[in-house]
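Structural overview for review
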Amino acid sequence: MPVQPPPVKRQLAAVFDMNKCLGCQTCTIACKTLWTDEEGMEYMWWNIVSTMPGEGTPRGWQKLSGGFQDGEPRPSRLPKLSEFGHAWEFNYEDVLYGGQGMNQHLQPKTGDDNWGPLWDEDQASGAYPNSYFFYLQMICMHCTNPACLAACPRQAIYKRVDDGIVLIDEERCSGYRFCMEACPYKRIYFNQAKKVSQKCILCYPRIEQGVAPACFRQCPGRVRFIGFLDDEESAVHKLVKVWKVAIPLHPEFGTEPNMYYVPPLSPPLFDDNGDVIEGSERIPRQYLESLFGPDVNRVLDTLRTEMAKTRRGEKSEMLDTLIAYEWKSMFGGFTRDPGTLKRPV
Amino acid sequence: MRAVKLQLATKTLLNSGAFQWKKVPAEELRMAGARVDLQPSRYVRTVWAGRPVGAVRNLKVQTAHNSRDILFRLEWPDESKDTDFGDGSVFPDAASVIFPLKGDAPLETMGSPRSPINAWYWRANFATDEARNRSCQGYGTEEDSPERQVQARARWEDGRWYVVFARPLSANGKTNVKLSSAHPAKVAFAVWEGSSQERGGLHSCSRQWLDLVIE
Ligand code: SF4
Ligand code: SF4
Ligand code: SF4
């Protein structure tokens, strides 16, 4: 019998508009400073924005497998620390304060292990002048059928009934890390200091108080939409359910992720004379299909049709929603100012 | 197996290299890999179906008491000393001394809700002399018990682990097995080989409960 998804009443979902992302990692730092700045968490990036085509983090995660096939768990393996990359300590004291600034350059004290979470950042594919890259926003997908949850022999992972957020109970977690193996998006990290597995919590303490998650609220590119999937007023509902221009990453992984992506449009190719090849696209469709499945073609065509409409001077509610003239329209009601929250002491 | 009576301090016997252990009769146990089909996680059952479980096949055990504490000395071959999580793909080596709390608790599932077990648990990344006293009602249900009188001291040398567990004979409480010369008891043993990624319900275990007689 296939693995059954846990029941929920409502599901929070997000949309990332890849066409607007600046690759600034403000989201990454927002999460880092809020949730992962303690001992044992140095190497964790619950949110990361990877350059694609690229290896992402942990290195080459897309090839590690996991998730489900026809409802059956697909074997994977534990990512190694070297595939995440260690958190480097830099020689700030020497270079900045120790008077060595003229003869030493800023470098990791612990030595270079030739890989890190953003090692291939902004590295393009294709040959000039037709090179290309784009940004992929990664957090836990808060899957409808979480492979992490199904893999845990201690039932330390649960999916909240009221909002579908997937959480690890650190009291129950014994550090067996079957979840890390099984998650096909490899979004779980092991905390060596606390000996427990940890991951994105979708900022549930903020959600519970009507505040959008930190990486959403802080994004200067207005890339990130959040809301209940069944809230017909929410941008997320419209983009995913009505206009269907936001689609899951690697749907074939079988976990039914709840993070959706508006796939990247491309600039056209140049020919040998430097002239634009009309109707061409830099990012190979085949590559995009490898990420989003064949449905990506329909979405890109829909976006192009809609853009043509606005060029003719017509209105497009879909594009207006994606542009997000008013930031509050992006957060499905989770618009409370985080500054009004009482901070835990 | 028989816990022989020795007039020696627990401190002395916690040292697995103490010459006095040489006189204590030893049992050589054949260990069996845990049954994969009984694991509570579908992922584990699928992935480990085709993988050998229970890398440690032979365990040498001795037991003794000094009227105050009862001790178990475990010894097994392990070429790789895993005391932590290494590059992230290994686990610390570990061992357990297991007792049924009621009658014949099922050993191959580590107890059941009706028949819990008491497991003294040592893991190679614990602090010196640290051991956990756990109760368990089946795979995946292990809990640290509030009664913490178990200790363990370990040594790895030339490709072998030596671990001595100790607990006061008088320890009581709901999750503690009763051990005294008046009570016939049963005991079993489990070992986890960290470099083979053994953890949780993936271990090697003695094949059945052994009768334990305390002199
Ligand atoms: S993305 Fe991975 S960690 Fe997050 S819910 Fe899905 S399976 Fe679990
Ligand atoms: S939702 Fe919150 S916990 Fe998750 S990645 Fe964003 S900031 Fe971090
Ligand atoms: S998602 Fe937003 S905050 Fe994150 S890199 Fe892109 S633009 Fe910056």
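This text goes with the structure placed above it.
Note on numbering: residues in each chain are counted from 1, in written sequence order. Going through the entries in the order they are written, you letter the chains from A and number the ligands from 1. Since the coordinates come from a predicted model, pLDDT governs what is reported: local features require at least 70, and pairs of side-chain atoms require 80 or more to be given and counted, while whole-chain, interface and lining totals use all residues. Excluded from the side-chain calculations are hydrogens and water; all other atoms, namely the structure's heavy atoms, are used.

1. A word on the overall build of chain B
Definition in use: To qualify as a helix, a DSSP run of H or I must reach at least 4 residues; to qualify as a strand, a run of E must reach at least 2; elements of each kind are numbered from the N terminus. Taken over C-alpha atoms, the radius of gyration is set against a globule rule of 2.2 Å times the number of residues to the power 0.38. We call a residue buried when its accessible area falls under 20% of the maximum for its residue type, exposed when it is over 50%, and partly exposed in between, using a 1.4 Å probe and counting protein chains only. When checking whether two residues touch, look at their non-hydrogen atoms; a contact exists if any pair is within 4.5 Å. Charge counting follows a simple rule: Lys and Arg are positive, Asp and Glu are negative, and His as well as the terminal groups are ignored. Here the site of a charge means NZ on Lys, CZ on Arg, CG on Asp, or CD on Glu.
The secondary structure content of chain B amounts to two helices and 13 strands. A compact globule built from 215 residues should have a C-alpha radius of gyration of about 17 Å, and chain B, at 16 Å, falls within 12% of that. For the C-alpha atoms alone, the extent of chain B along its principal axes is close to 50 × 40 × 30 Å. Out of the 215 residues belonging to chain B, those deemed buried represent 58%. Restricting the contact set of chain B to residue pairs at least 6 apart, pairs at least 24 apart contribute 66%. Chain B carries 30 positive and 25 negative side-chain charges, and their two centres are separated by 5 Å.

2. Topic: the overall build of chain A
Here is the rule we go by: To be clear on the numbers: accessible area is Shrake-Rupley with a 1.4 Å probe, and residue cover counts the displayed protein chains and nothing else.
Scanning chain A for helices and strands turns up eleven helices and twelve strands. Here chain A has a C-alpha radius of gyration of 21 Å; the compact-globule value for 345 residues is 20 Å, and the two agree. Oriented by its inertia axes, the alpha-carbon framework of chain A measures out at about 60 × 60 × 45 Å. By the burial criterion, 53% of the 345 residues in chain A qualify as buried. When the accessible area of chain A is evaluated, it comes to approximately 16,000 Å², of which 52% is carbon and sulfur surface. Seen as two clouds, the 39 positive and the 44 negative side-chain charges of chain A have centres 5 Å apart.

3. Some words on the interface of chain A and chain B
Operational definition: Note: buried area is the sum, over both parts, of the accessible area (probe 1.4 Å) each one loses when the two are combined. Salt bridges are identified by distance alone: a Lys or Arg side-chain nitrogen within 4 Å of an Asp or Glu carboxyl oxygen. Polar contact is defined as a pair of N or O atoms within 3.5 Å, subject to the rule that within protein one atom must be able to donate a hydrogen and the other to accept it, and that residues adjacent in sequence are counted only when both atoms are side-chain atoms. Each residue is assigned to one class: nonpolar for Ala, Val, Leu, Ile, Met, Phe, Trp, Tyr, Cys and Pro, charged for Asp, Glu, Lys and Arg, and polar for all the others, Gly among them.
Taken together, the contact pairs 30 residues of chain A with 28 residues of chain B. Between chain A and chain B, the buried area comes to about 2,200 Å², and carbon and sulfur atoms account for 50% of it. The tally of links from chain A across to chain B stands at five salt bridges. For Glu72(A), the salt bridge goes to Arg42(B), with nearest N and O atoms at 2.7 Å. Here chain A and chain B share 14 residue pairs in polar contact (both at pLDDT 80 or more) between them. When contributions to the side of chain A that touches chain B are tallied by element, the ones reaching two or more residues are β4 (72-73), α4 (147-151) and α5 (178-182) of chain A. If you tally residues by element for the side of chain A that touches chain B, the top one is α5(A), at three residues. Residues of the side of chain A that touches chain B, tallied by class, amount to 16 nonpolar, five polar and nine charged.

4. Considerations on the packing of aromatic side chains
The test is simple: Two aromatic rings, drawn from Phe, Tyr or Trp (for Trp, its six-membered ring), form a pair once their centres lie within 6.5 Å of each other, and the interplanar angle then sorts them: stacked below 30 degrees, edge-to-face above 60, tilted otherwise.
Overall, the coordinates contain 27 aromatic pairs over all chains when judged by the stated rule. On the numbers, 6.1 Å between centres and 55° between planes, the contact of Phe134(A) with Tyr287(A) is tilted. Taken together, the residues Phe134(A) in strand β5 (residues 134-138) and Tyr287(A) in helix α9 (residues 285-292) connect sequence positions 153 residues apart. Exposure class is identical for Phe134(A) and Tyr287(A). Each is buried. With a centroid separation of 4.8 Å and 55° between ring planes, the pair formed by Phe99(B) and Trp120(B) is classed as tilted. In this pair, Phe99(B) is assigned in strand β5 (residues 94-100) and Trp120(B) in strand β6 (residues 117-123), connecting sequence segments 21 residues apart.

5. Remarks on the site of ligand 2
All names here are of chain A. Heads up, the rule is: For each residue, the test is whether any non-hydrogen atom lies within 4 Å of the molecule or strand; if one does, the residue is near.
Around ligand 2, the surrounding shell consists of Cys 31, Trp 35, Trp 46, Asn 47, Ile 139, Cys 200, Ile 201, Leu 202, Cys 203, Pro 213, Ala 214 and Cys 215. Every element with two or more residues in the shell around ligand 2 is listed here: α1 (26-35) and α7 (214-217). Residue composition of the shell around ligand 2, grouped by class: eleven nonpolar, one polar and no charged.

6. With respect to the pattern of salt bridges
Residues and elements named next belong to chain A. The full count for this structure, using the stated rule, is 34 salt bridges over all chains. In this structure, Glu 170 engages Lys 194 in a salt bridge whose closest nitrogen and oxygen atoms are separated by 2.9 Å. Here Glu 170 is found in the loop between β7 (166-168) and α5, whereas its partner Lys 194 is found in the loop between β8 (189-191) and β9 (196-198), with 24 residues between them in sequence. The partly exposed category is assigned to Glu 170, whose relative accessible area is 31%.

7. Points about the site of ligand 1
Taken together, Cys140(A), Met141(A), His142(A), Cys143(A), Pro146(A), Ala147(A), Cys148(A), Val166(A), Cys183(A), Tyr185(A), Ile188(A) and Lys199(A) form the complete shell of residues around ligand 1. Among the residues making up the shell around ligand 1, the classes are represented as ten nonpolar, one polar and one charged.

8. Some thoughts on a nonpolar patch on the surface
The condition is simple: Here the term patch refers to residues with relative accessible area over 30% and no salt bridge, with like charges joined within 9 Å and nonpolar side chains (Val, Leu, Ile, Met, Phe, Trp, Tyr) within 5 Å.
There is a patch of nonpolar side chains on the surface, built from Tyr92(A), Leu96(A), Tyr97(A) and Leu106(A) and spanning about 480 Å² of accessible area. You can see Tyr97(A) is positioned in helix α3 (residues 92-97).

9. A short note on helix α8 (residues 235-242) of chain A
An α-helix turns once every 3.6 residues. As a result, residues three or four positions apart point the same way. Residues and elements named next belong to chain A. Within α8, burial applies to Ala 235, Val 236, His 237, Leu 239 and Val 240. Considering only its buried residues, α8 is in contact with β1 (12-17), β10 (224-228), β12 (259-262) and α11 (317-323). One or two steps after α8, the chain reaches Lys 244, where phi turns positive at roughly 55°.

10. Notes on unusual backbone geometry
Residues and elements named next belong to chain A. Thr 57 connects to Pro 58 through a cis peptide bond whose omega is -5°. Assignment of secondary structure puts Pro 58 in the loop between β2 (48-52) and β3 (68-69). Note that the residue after Tyr 128, namely Pro 129, is joined by a cis bond; omega there is 5°. Topologically, Pro 129 is positioned in the loop between α3 and β5. For Leu 202, which is not glycine, the phi torsion reads 50° and is therefore positive. Mapped onto the elements, Leu 202 comes out in the loop between β9 and α6 (204-207). Under the relative-accessibility criterion, Leu 202 is labelled buried at 2%.

11. Describing the sheet that holds β12(A)
All names here are of chain A. Rules: DSSP-based pairing: two strands are paired if at least 2 bridges between them are found.
Spatial strand order, β10-β1-β12-β11: four strands in an open sheet with mixed pairing. Of all strands in the sheet, those bounded by a partner on one side alone are β10 and β11 (247-248). The pairing of β1 with β12 spans four bridges and is parallel. Bridging from a neighbouring strand, Val 15 pairs with Tyr 260 of β12.

12. Details of the pairing of β1(A)
Residue and element names in this part refer to chain A. Counting buried positions along β1 yields six of six residues, so the element is predominantly enclosed. Neither face of β1 is exposed, since Leu 12, Ala 14 and Phe 16 on one face and Ala 13, Val 15 and Asp 17 on the opposite face are all buried. Both β1 and β10 contribute to a ladder of five bridges, which runs antiparallel. Along β10, the bridge assignment pairs Val 15 with Phe 225.

13. So, the nonpolar core
Inclusion rule: Side-chain atoms within 4.5 Å are what join buried Ala, Val, Leu, Ile, Met, Phe, Trp, Tyr and Cys residues into a set we call a nonpolar core.
Membership of the largest hydrophobic core comes to 92 residues, with the highest contact counts inside it found for Phe216(A) and Leu249(A). Among all residues touching Leu249(A), those that are not within four sequence positions of it are Trp61(A), Leu136(A), Met138(A), Met141(A), Tyr185(A), Pro257(A), Tyr261(A), Leu291(A) and Phe292(A). By size, the runner-up hydrophobic cluster in this structure holds 33 residues, among which are Trp76(B), Trp122(B), Ala131(B) and Val177(B).

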